[in-house]
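# Coordinate inspection notes
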Amino acid sequence: MSTAHGPSGGRRQLRARLRAARDAAGLTQEQAAEAMDWSLSKLIRIEAGTVSISTNDLKALLQHYRVDDPDDVAELLGLARLARQRGWWVQYREIFDRERAYYDYVGLEAEAATLRVFQPIGMPGLLQTESYARAYISAAVPSQVEPDDVAVRVGLRLRRQEELFSRPVPPTLQVVLDEASLHRHIGGRQVLREQLERLRTDGTKDHVTLQILPFTAESYGATGQFNLLSFEAGTPDVVYIESTPTVALVDQPAEVETYRQTFARLQKLALNPSESLEMINKMVTQMV
């Protein structure tokens, strides 16, 4: 049974189910494409989830794969229709056209039930103030990027926060933040102080768990920022890696499990939520 609730989840489930159906039929991609009178690249793109498939094409493909159970066919057709829906993030296509992995991530993030974020540098995007986001993005993007492009990226970051946390039941957000991020004056002292106040407020919310990894913690092995997304039962976890120069989505079970274990280790090494809020509060007080 499908548990997808949006186009990104629908696309992921559909592509996995189609690959499984082709394997069960004992066909290679080349054989399936030839039988459907398609180019090989079309089938590859459908199975990769980079293009949608029409209901007529899907019905013909399922018939060739000998998938004839009415419930299975109806479910797969439903996933295909869901995958063709337009998410709110489509309006930011001018950014996504250059950053496909980010596009896929935002769509999946919008449907996640739990987000686990490790942030070794700077503040998590989902907890940034507008001023901090502008300073952070301005410093991160190349100097030749136009100011309007920075504004669009800031708007997207704020829209992600709004869409996620205005849900009737917000997703669970678990953050491990390196202590260094609390001291980095991105945007200047006042911007940082406002950002720390935001962290202090968000850290008390029921759906947010915030932990600080102190300077005194032992070596933890993680080399860069990553976000681990979990969904409702039936949809596999995925990891988004953002570490210069690598930006990628990982969904191979063995690799995802490695990041899951890494995050669990980081949580054990970090201060507990109460201690973390105490550290943040102390810093805010000292910055008055």
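By convention here, each chain's residues receive numbers from 1 onward along its written sequence. In view of the model being predicted, local features appear only for residues whose pLDDT reaches at least 70, and side-chain atom pairs are presented and counted only at 80 or more, with totals across whole chains, interfaces and linings using the full set of residues. Calculation of side-chain values draws on the structure's entire complement of heavy atoms; hydrogens and water are dropped beforehand.

### Examining the overall build of the chain
Just so we agree on the cut-off: Segments assigned H or I by DSSP are reported as helices when at least four residues long, segments assigned E as strands when at least two residues long, and all are numbered from the N terminus. Only protein chains enter the accessibility calculation, which uses a 1.4 Å probe; a residue is then buried when its area is under 20% of its type maximum, exposed when over 50%, and partly exposed in between. Throughout, a contact is declared for two residues whenever any of their heavy atoms are within 4.5 Å. Throughout, the Shrake-Rupley method with a 1.4 Å probe supplies accessible areas, and for residues the shown protein chains are the sole cover considered. When charges are tallied, Lys and Arg are placed among the positive residues and Asp and Glu among the negative ones, while His and the ends of the chain are skipped. Every charge is mapped to an atom, namely NZ of Lys, CZ of Arg, CG of Asp or CD of Glu.
Regarding its fold elements, the chain presents 13 helices and six strands. For the chain, the C-alpha atoms occupy an extent of roughly 70 × 40 × 35 Å along the three principal directions. Among the 288 residues that make up the chain, the fraction classed as buried is 48%. Here the analysis covers contacts within the chain between residues at least 6 apart in sequence; of these, 71% occur between residues at least 24 apart. For the chain, the exposed surface amounts to about 14500 Å²; the carbon and sulfur share of it is 49%. Charge-centre separation for the chain: the mean point of 33 positive side chains lies 2 Å from the mean point of 38 negative side chains.

### Some thoughts on unusual backbone geometry
Backbone phi values are negative for most residues with the exception of glycine, while trans is the configuration of most peptide bonds. Of note, the phi angle at Asp-37 is positive, near 60°, even though the residue is not glycine. Along the polypeptide, Asp-37 turns up in the loop between helix H2 (29-36) and helix H3 (40-48). Unusually for a residue other than glycine, Arg-66 sits at a positive phi of about 60°. Its place among the elements puts Arg-66 in the loop between helix H4 (55-64) and helix H5 (70-83). For Arg-66, a relative accessible area of 59% translates into the label exposed.

### With respect to the environment of Ala-254
Along the polypeptide, Ala-254 turns up in helix H12 (residues 253-269). On the basis of relative accessible area, Ala-254 is assigned to the exposed category, the value being 60%. As a C-alpha pair, Ala-254 and Ser-54 span 200 residues in sequence and 32 Å in three-dimensional space.

### Describing the confidence of the model for the chain
If pLDDT is low for a region, its predicted coordinates should not be looked at in detail. Short version of the rule: What pLDDT expresses is the predictor's confidence in each residue, scored from 0 to 100.
Looking at the chain as a whole, the pLDDT averages 88, with 92% of positions reaching at least 70. Mean pLDDT values over the elements of the chain span from 68, in helix H6 (residues 93-96), up to 97, in strand S3 (residues 208-213).

### Focus: the side chain of Ser-181
Going by this rule: Any pair of nitrogen or oxygen atoms within 3.5 Å is treated as a polar contact; in protein, a donor-acceptor pairing is required on top of that, and neighbouring residues in sequence qualify only through side-chain atoms on both sides.
On the secondary structure map, Ser-181 appears in helix H10 (residues 180-183). Judged by relative accessible area, which is 1%, Ser-181 ranks as buried. There is a polar contact of 2.9 Å between the side chain of Ser-181 and the backbone oxygen of Gly-122. Ignoring any residue separated from it by four or fewer positions in sequence, one finds Ser-181 in contact with Gln-119, Pro-120, Ile-121, Gly-122, Met-123 and Leu-192.

### A look at the nonpolar core
The test is simple: The set of buried Ala, Val, Leu, Ile, Met, Phe, Trp, Tyr and Cys residues whose side-chain atoms join them within 4.5 Å is what this entry labels a nonpolar core.
In this structure, Leu-182, Leu-196 and Leu-199 are the most contacted members of the largest nonpolar core, which totals 41 residues. Per-element accounting of this core gives the leading share, six residues, to helix H7 (residues 100-109). Those residues in contact with Leu-199 that lie beyond four places of it in its chain are Met-123, Leu-127, Leu-177, Leu-182, Leu-210, Leu-277 and Ile-280. Counting residues in each nonpolar core, the second largest holds 22 residues, with Ala-32, Leu-58, Leu-62 and Val-73 among its members.

### Focus on the packing of H7 against helix H9 (residues 147-165)
Condition: Whenever a helix is involved, its axis is fitted only over the stretch in contact; in every case the axis is a line through C-alpha atoms, and angles between N-to-C directions fall within 0 to 180 degrees. Working definition: roughly parallel below 35 degrees, roughly antiparallel above 145 degrees, roughly perpendicular at 65 to 115 degrees, and oblique for all remaining angles.
The geometry of H7 relative to H9 is characterised by a closest axis approach of 11 Å and an angle of 25° between their N-to-C directions. Between H7 and H9, the interaxial angle falls into the category roughly parallel. Contacts from Tyr-102, Tyr-105, Val-106 and Glu-109 of H7 reach H9 at Leu-156, Arg-160 and Leu-164.

### Structural notes on the sheet that holds strand S4 (residues 225-230)
Applied cut-off: Pairing between strands requires that DSSP locate at least two bridges from one strand to the other.
Spatial strand order, S3-S2-S1-S4-S5-S6: six strands in an open sheet with mixed pairing. Single-partner strands in this sheet number two, and they are S3 and strand S6 (246-250). Neighbour to neighbour, the strand axes of the sheet diverge by 10° on average, direction disregarded. When S4 meets strand S5 (residues 238-243), the two strands line up antiparallel, connected through five bridges. Following the sheet pairing, Gln-225 is matched in S5 by Glu-242. Across the sheet, H12 is in contact with strand S1 (114-119), strand S2 (172-178), S3, S4, S5 and S6; its angle to S4 comes to roughly 110°.

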